[in-house]
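Here are the chains, one letter per residue:
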Amino acid sequence: MNEFSRCRHLSAGDLLREKRKENDETSELIETCIREGKIVPVQITISLLQKAMEKQQSLNSEDRLLFLIDGFPRNQDNFDGWNKQMDKIAKVHGVLFFNISDEVAIERCMKRGAGGSGRSDDNMESLKKRLNTYNDTAAVIDSYRSENLVTEFQGDQTVDEVFANVKAFVENTLNKCS
């Protein structure tokens, strides 16, 4: 996403993993949720996303930024929380949905873990729990679909093919928002 001066990628998971390093009550809760494949409470995730968005926007006063938020919302509670807290702050211009088989997703995550990702959830037990939790995302995707906001990609393509599709989506969205 560095190719786009007006677009910033924010990973909900990365923000949560960074926060858990702070070694406080919230970080312990985040660690437990991640390790068990559960969803972190919505207020925590939205707060981290909002702070990251505000920080990035403050560094770029010339243009209003477009944020590609990765891994959020994951369930109806996340969706409702986002709409309640962020409705007047950020507009959802589109949703990227990567359609990928469980087998390919597991294979990629296990490969990432074997490569030294340092993620406590890159193991078979956590991945199975994450996939069960992920099924809650279908209702969120359907809500966005009803608003004609979903663009679906085949996630089992090569990384370069997926990136090319995402790049085209971002370019199109940036053009619409100009």
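Just so we're clear, the structure is a prediction, and the values are computed from it rather than from any experiment.

### Points about helix α6 (residues 124-134)
Part 1 of the argument: Of all the residues in α6, the buried ones are Ser-126, Leu-127, Leu-131 and Thr-133. For α6, the arc enclosing every buried residue in end-on projection is 160 degrees, short of the 170-degree limit, so these residues lie on one face. The exposed residues of α6 that point more than 90 degrees off its buried face are Glu-125, Lys-128 and Asn-132.
Part 2 of the argument: In the core, the buried residues of α6 are packed alongside α2 (25-35), α5 (102-114) and α7 (137-146).
Part 3 of the argument: N-capping of α6 is provided by Asn-123, with a side-chain oxygen placed 3.2 Å from the backbone N of Glu-125.

### A look at the state of the cysteines
Part 1 of the argument: Inspection of every chain in the model, using the stated rule, returns zero disulfides.
Part 2 of the argument: Here Cys-33 is not disulfide-linked; the sulfur of Cys-109 is the nearest cysteine sulfur, at 18 Å.
Part 3 of the argument: Left without a disulfide partner, Cys-177 is nearest to the cysteine sulfur of Cys-7, which lies 9.9 Å away.

### Let's talk about α2
Part 1 of the argument: Every buried residue belonging to α2 is among Ser-27, Ile-30, Cys-33 and Ile-34, and all of these are buried. The arc that holds every buried residue of α2, seen down its axis, measures 125 degrees, which confines them to one face. Turned more than 90 degrees off the buried face of α2, the exposed positions are Glu-25 and Glu-28.
Part 2 of the argument: For α2, the elements touching its buried residues are α1 (12-19) and α3 (42-58).

### Regarding the side chain of Asn-78
Part 1 of the argument: The residue Asn-78 is located in helix α4 (residues 76-86) in this model.
Part 2 of the argument: The exposure class assigned to Asn-78 is buried, which follows from its relative accessible area of 2%.
Part 3 of the argument: What Asn-78 contacts, discounting residues up to four positions off in sequence, is Ile-39, Val-40, Val-42, Ile-46, Phe-72 and Pro-73.

### Points about the packing of aromatic side chains
Part 1 of the argument: Throughout the structure, instances matching the rule amount to three aromatic pairs.
Part 2 of the argument: Note on Phe-98 and Phe-153: the rings are 5.5 Å apart at their centroids and 25 degrees apart in plane angle, and the pair reads as stacked. You can see Phe-98 sitting in strand β3 (residues 95-99) and its partner Phe-153 sitting in strand β4 (residues 150-154), a full 55 residues away along the chain.
Part 3 of the argument: Between the NZ or CZ atom of Arg-145 and the centre of the ring of Phe-97, over which it lies, the distance is 5.7 Å.

### Side note on unusual backbone geometry
Generally, phi is negative for residues other than glycine and the peptide bonds are trans, each holding for most cases.
Part 1 of the argument: Cis geometry marks the peptide bond from Phe-72 to Pro-73; its omega dihedral reads 0 degrees.
Part 2 of the argument: With respect to the helices and strands, the residue Pro-73 is situated in the loop between β2 (66-70) and α4.
Part 3 of the argument: Located in the positive-phi region is Asn-23, a residue other than glycine, with phi close to 60 degrees.
Part 4 of the argument: Mapped onto the secondary structure, Asn-23 falls in the loop between α1 and α2.
Part 5 of the argument: Look at Asn-148: it is not a glycine, yet its phi comes out positive at around 55 degrees.
Part 6 of the argument: Along the chain, Asn-148 falls in the loop between α7 and β4.

What counts, and where the lines are drawn
Residues numbered from 1 in each chain as written. Predicted model: local features only at pLDDT ≥ 70, side-chain atom pairs only at ≥ 80, totals over all residues. Heavy atoms only, no water. Buried < 20%, exposed > 50% of the residue type's maximum accessible area, 1.4 Å probe, protein only. Helix = DSSP H or I, 4+ residues; strand = E, 2+ residues; numbered from the N terminus. Arc of directions from axis to C-beta. Contact = heavy atoms within 4.5 Å. Polar contact = N/O pair within 3.5 Å; in protein donor to acceptor, adjacent residues only side chain to side chain. Disulfide = S-S within 2.5 Å. Phe/Tyr/Trp six-rings, centres within 6.5 Å; stacked < 30°, edge-to-face > 60°. Lys NZ or Arg CZ within 6 Å of the ring centre and 35° of its normal.

Everything listed is a geometric property; what it means functionally is a separate question.
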